[in-house]
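Report on the structure
Listed here are the chains, written in short residue letters.
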Amino acid sequence: MKKINKLSILIFIGVIFGENKRLSFEDVQGKSPFKYASLGFIDWLPNENAYLIKSKDQILKVTVPNLDTTVFLAKTDFEIVGKNVLQSKNSEKAAPWVQTVYQNWEELIKSSTFWLSNDGSKILFASEKNKIWRRSFSATYFYMNLKTKEIFPLSNDNSQIRNAKFSPDSKKIAYVRNDNNLYVYDLTKKRERQLTRDGSEVILNGHFGWVYEEEFGSFDGYRWSKDSEKIAFWKEDQSNVPTFLLFDELTLYPSVKKIRYPKAGEANPEMSIFVANIKRGKPKKINVGDTDDVYLPWMEWFNSESLVLMKMNRLQNNWTFLKIFPSGKKYSEGISESDPNGWVQLHRNYHFLENGNLLWMSERDGWHHIYLHTFEGEVLHQVTSGTWEVKKIVGVDEDREKVYFKANKESVFENRLYSVNFDGSNLKLLTTESGTHSVKVFPNFSGFIDSYSNLNTPSRHLLKDINGNLIKTISETDKSQFEEYDWSYPSIIQFPSADKSMVLDGIITFPPNYKKGKRYPIIVHGYGMPGTQIVYNRWGRSWNQFLAHQGYVVFSLDARGMSGRGEDFKNLSYGDMSKYLSLDTAAGVKHLIEIGIADPAKIGAWGWSGGGYFTGLMLTKNADLFDVGVSVAPVMDFRLYDSIYTERSMGLPKDNKAGYDSTSVLSYVDRFNGKLLVIHGTGDDNVHSQNTTWLVEEFVKHDKQIDVFYYPNRPHGMSGGNARKNLYKKMITYFNENLQGKPLVREAN
């Protein structure tokens with residue numbers, strides 16, 4: 001008789017009884033055991049149907065649709081050889097970028113630090129980066145002649161430069177120095193010209209301060225004209241903006257970092273627009289009318305002589321496009337957008353066609369759709385319509401009069417790619433696979449790269465023709481590696497609101513050994529900020545899997561006031577973002593209790609930033625339901641958060657005291673009767689740790705107990721050192737001890 005060894009028996013038992021591996025803490029917060037398919041995309045090559053991708057020691061050029069691959073640049077191209085400017089007769093000086101190349105190649109070739117000129121002859125790259133705010137940074141800049149591989153410094157003093165950009169003709173580079181002035185460097189003459197001279201601590205030329213960068217999505221405060229002869233730029237005056245202080249206590253004597261940070265209702269920076277001729281003269285101020293308490297969040301050149309900019313009121317419920325005439329003294333008003341019951345969105349999907357017409361997105365029929373207008377505002381076509389939303393315009397083919405866009409037409413949980421003619425005819429679905437898609441359309445509109453996932457399919461990258469037919473699978477993630485760990489696939493569920501007026505959506509992940517009829521501890525992961533969405537048909541987070549493997553049911557939902565279901569649904573959050581967030585989350589939890597899933601004595605919540613606010617709200621306003629919470633980097637009272645974000649959905653504090661009071665977690669501390677851990681970084685320039693300080697003071701007033709942990713000098717994302725890993729270990733330990741009475745998190749074997 002053939003012998004069967006013990007290992008075979010154990011494997012057989014494991015297969016029969018489903019006893020696969022379980023995720024350890026190190027698997028999800030240390031070295032991941034999973035390999036995800038990666039595209040490695042950097043950028044499209046100018047004037048070619050080809051793109052660049054990252055490789056181990058190289059940048060590769062990939063031609064589509066045949067996917068022929070050649071070496072574009074290698075690490076060795078960055079070595080000091082030949083006529084490199086850092087060599088002299090008797091010495092060879094190590095270039096500052098060499099350390100970046102050999103120690104952090106991935107950092108060097110990020111799309112945020114590696115740029116191609118429009119003619120494809122040069123690259124601009126940054127080394128020695130120093131982060132300023134969320135997106136902005138200063139760095140030491142160099143450019144390379146791709147034909148000769150010679151590398152040159154960007155000016156004689158190329159350090160501490162910000163926001164460097166090639167001109168459209170590829171012959172010049174503009175940038176901002178740390179004196180907050182705007183400069184231009186002529187690559188042919190190797191000569192620098194200073195365009196502004198009034199830059200100071202409070203006057204910013206060509207780049208934005210904290211609030212514009214954070215809430216309007218960019219630090220880039222200037223625009224090259226199409227003929228490369230002029231630069232239009234924002235001048236930001238922060239003189240009247242109150243200063244917030246961050247303290248660094250890790251030195252013997254604490255140091256202070258100052259931020260011009262307008263909180264809700266406080267003075268905003270004053271913005272003005274100037275145009276500078278790069279060869280001569282002083283910058284010319286542009287007349288945009290009254291600028292008292294308004295935003296100027298968007299600007300582009302209409303042609304080489306005229307500008308188009310957006311002027312938005314402080315309440316952000318109305319904006320108008322202005323066309324600036326060449327003199328800069330006159331303007332005409334064009335298309336406008338308003339929402340008297342909520343706010344208008346700055347989505348940057350504004351495409352001016354060669355004939356001067358505008359292809360853009362609007363909510364004016366109650367749903368986000370594409371419109372074709374004249375600049376003056378005449379509707380030529382409503383290009384899309386229906387009870388679904390366009391999410392993003394990803395390509396406009398003017399020659400064929402066709403627009404490519406992502407929308408949730410098939411399902412509110414999905415983003416798929418469609419095409420439609422400018423006149424609204426021939427609407428076509430181009431991605432037939434269910435799920436959430438990210439798309440890169442070829443420059444010549446002959447095809448696209450489709451990257452997608454869904455709840456049951458990890459990331460895949462597909463090459464398709466422009467009609468959506470598969471040409472080739474570029475890469476796909478091996479699903480079997482997850483199934484070795486008893487992967488629990490999330491499900492989308494629906495439940496009624498408490499007043500039965502609305503069906504709401506949630507997403508739930510069960511423990512691998514889930515048994516129907518048994519009640520489980522629940523962890524609700526929330527965010528819930530106005531106009532956002534959390535329930536999607538896409539591959540889930542490994543942290544949710546880890547929580548499920550620890551024995552929790554993980555639940556999230558989209559409350560009224562979030563996005564994807566039309567303007568009226570979104571606007572329900574206006575004026576009091578806590579109202580439906582608390583009501584609908586309670587309805588979701590009660591639904592899980594009623595159908596026998598949730599243990600009513602073991603309900604937890606966690607979230608970060610807006611999710612930290614969500615957690616604080618659940619443990620106070622919904623204290624009758626929630627027992628344990630972990631709140632990371634939370635806003636606890638929106639009077640403490642910035643003006644642009646807060647006022648967008650709440651209005652001004654002086655006009656809406658009741659709404660701000662109702663939204664504040666501080667208003668409900670008297671109800672608290674659970675366990676709450678609040679975690680904050682003292683270096684958080686976004687959501688200040690002042691929020692946690694105010695919360696602690698309120699707990700003291702009511703003689704309540706709270707657990708608090710500070711990460712010294714850490715920013716909003718808690719990066720630096722071991723902070724994030726330490727945070728997640730603290731979180732799971734807190735839940736295990738207070739929801740399940742378990743020991744500390746299991747370490748990897």
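Small disclaimer: the values here were computed from a predicted structure and weren't measured. Within any chain, residue numbers begin from 1 and follow the written order of that chain's sequence. Local features in a predicted model are, by the rule used here, given only for residues with pLDDT of at least 70; side-chain atom pairs are given and counted only at 80 or more, and totals for whole chains, interfaces and linings are based on all residues. Excluded from the side-chain calculation are hydrogens and water; included are all heavy atoms of the structure.

Let's talk about the pattern of salt bridges
What makes a salt bridge here is a side-chain nitrogen of Lys or Arg within 4 Å of a carboxyl oxygen of Asp or Glu, nothing more. This structure, assessed with the given rule, holds 34 salt bridges. With a closest N to O distance of 2.9 Å, Lys 725 and Glu 26 form a salt bridge. Highlighted residues: Lys 725 in helix 14 (residues 723-740) and Glu 26 in helix 2 (residues 25-29), separated in sequence by 699 residues. Residue classification places Lys 725 among the partly exposed residues on the basis of a relative accessible area of 25%. Here's how the labels work: a residue is buried when its accessible area is under 20% of the maximum for its type, exposed when over 50%, partly exposed in between, all with a 1.4 Å probe on protein chains only. For Glu 26, a relative accessible area of 21% gives the class partly exposed. A salt bridge links Glu 214 to Arg 134; the shortest N-O distance between them is 2.7 Å. Residue Glu 214 is located in helix 5 (residues 210-216), and its partner Arg 134 is located in the loop between strand 6 (122-131) and strand 7 (137-145); the two are separated by 80 residues in the primary sequence. The class of Glu 214 is buried, set by a relative accessible area of 11%. On the accessibility criterion, Arg 134 (44% relative accessible area) is partly exposed. Through salt bridges with shared partners, a single network forms among Lys 165, Asp 220, Arg 223 and Glu 300. The helix and strand labels rest on DSSP assignments: H or I over at least four residues marks a helix, E over at least two residues marks a strand, and numbering proceeds from the N terminus.

Quick look at the pairing of strand 29 (residues 402-407)
For strand 29, the buried fraction is high: 6 of the 6 residues fall into the buried class. Covered by surrounding structure in strand 29 are Lys 402, Tyr 404 and Lys 406 together with Val 403, Phe 405 and Ala 407, the residues of both alternating faces. Whether two strands pair depends on DSSP finding at least two bridges between them. Sheet analysis places strand 28 (residues 390-397) next to strand 29, joined by 6 bridges and oriented antiparallel. Bridging from a neighbouring strand, Ile 393 pairs with Phe 405 of strand 29. Turn length for the strand 28-strand 29 hairpin, with the two strands adjacent in sequence and antiparallel, is 4 residues, and the turn residue Glu 401 shows positive phi of about 50 degrees. In this structure, strand 29 lies alongside strand 30 (residues 416-421), joined through 6 bridges in antiparallel fashion. Looking at the pairing, Val 403 lines up with Val 420 of strand 30.

What about the environment of Glu 48?
One can find Glu 48 in the loop between strand 1 (41-44) and strand 2 (50-54). In sequence terms Glu 48 and Val 64 are 16 residues apart; their C-alpha atoms lie 9.3 Å from each other. Residue contacts follow a heavy-atom distance rule, with two residues in contact if any of their heavy atoms lie within 4.5 Å. Every residue in contact with Glu 48, bar those within four places of it in the chain, is listed here: Lys 61 and Pro 443. Looking at Glu 48, its side chain comes within polar contact range of the side chain of Lys 61, at 2.7 Å. Pairs of N or O atoms are called polar contacts if they sit within 3.5 Å, as long as, within protein, a hydrogen donor faces a hydrogen acceptor (for residues adjacent in sequence, only side-chain-to-side-chain pairs).

Concerning the packing of helix 9 (residues 579-594) against helix 10 (residues 610-620)
Here the axes come from fitting lines to C-alpha atoms, over the contacting stretch only for helices, and the angles between their N-to-C directions go from 0 to 180 degrees. The N-to-C vectors of helix 9 and helix 10 enclose an angle of 70 degrees; their axes lie 11 Å apart at closest approach. Put simply, helix 9 runs roughly perpendicular to helix 10. Judged by the sense of rotation from one axis to the other, the crossing of helix 9 with helix 10 is right-handed. Two secondary-structure elements touch here, helix 9 through Leu 581, Ser 582 and Thr 585 and helix 10 through Tyr 613, Phe 614, Leu 617 and Met 618. When its residues are assigned to classes, the contact of helix 9 with helix 10 shows 5 nonpolar, 2 polar and no charged. Roughly parallel means an angle under 35 degrees; roughly antiparallel means over 145; roughly perpendicular covers 65 to 115; every other angle is labelled oblique. Note: crossing handedness is left-handed where the near helix turns anticlockwise from the far helix by less than a right angle, and right-handed where it turns clockwise. Each residue receives one of three labels: charged for Asp, Glu, Lys and Arg, nonpolar for Ala, Val, Leu, Ile, Met, Phe, Trp, Tyr, Cys and Pro, and polar for the others, Gly being one of them.

Observations regarding the sheet that holds strand 9 (residues 162-166)
Within the open sheet, the 4 strands sit side by side as 9-10-11-12. Their pairing is antiparallel. Single-partner strands in this sheet number two, and they are strand 9 and strand 12 (191-194). Between one strand and the next, the sheet's axes are offset by a mean angle of 20 degrees, whatever the strand orientation. For strand 9 and strand 10 (residues 172-176), the ladder comprises 3 bridges, and the chain directions are antiparallel. Paired with Arg 162 across the bridge in strand 10 is Val 176.

Regarding the confidence of the model for the chain
Residues of the chain with pLDDT of at least 70 account for 92%, and the chain-wide mean is 92. Segment residues 82-92: pLDDT under 50, and 17 contacts once partners within four positions in sequence are set aside and those in other chains are kept. Predicted confidence is poor over residues 744-749, with pLDDT under 50, and the contacts of this stretch with residues over four places away or in other chains come to 16 contacts. The pLDDT value tells you how sure the predictor is about a given residue, anywhere from 0 up to 100.

Notes on the packing of helix 7 (residues 542-549) against helix 14
Packing of helix 7 against helix 14 leaves a shortest axis separation of 12 Å and a crossing angle of 30 degrees. Taken together, helix 7 and helix 14 sit at an angle that is classed as roughly parallel. Here helix 7 and helix 14 pass one another in a crossing that is right-handed. On helix 14, the residues touching Trp 543, Phe 546 and Leu 547 of helix 7 are Tyr 728, Met 731 and Ile 732.

Examining the side chain of Asn 454
One can find Asn 454 in strand 33 (residues 447-454). At a separation of 2.9 Å, a polar atom in the side chain of Asn 454 contacts the main-chain amide nitrogen of Asn 456. A distance of 2.7 Å separates the side chain of Asn 454 from the backbone nitrogen of Thr 457, its partner in a polar contact. Asn 454 has contacts with Ser 434, Gly 435, Asn 537, Arg 538 and Trp 539, leaving out every residue within four places of it along the chain.

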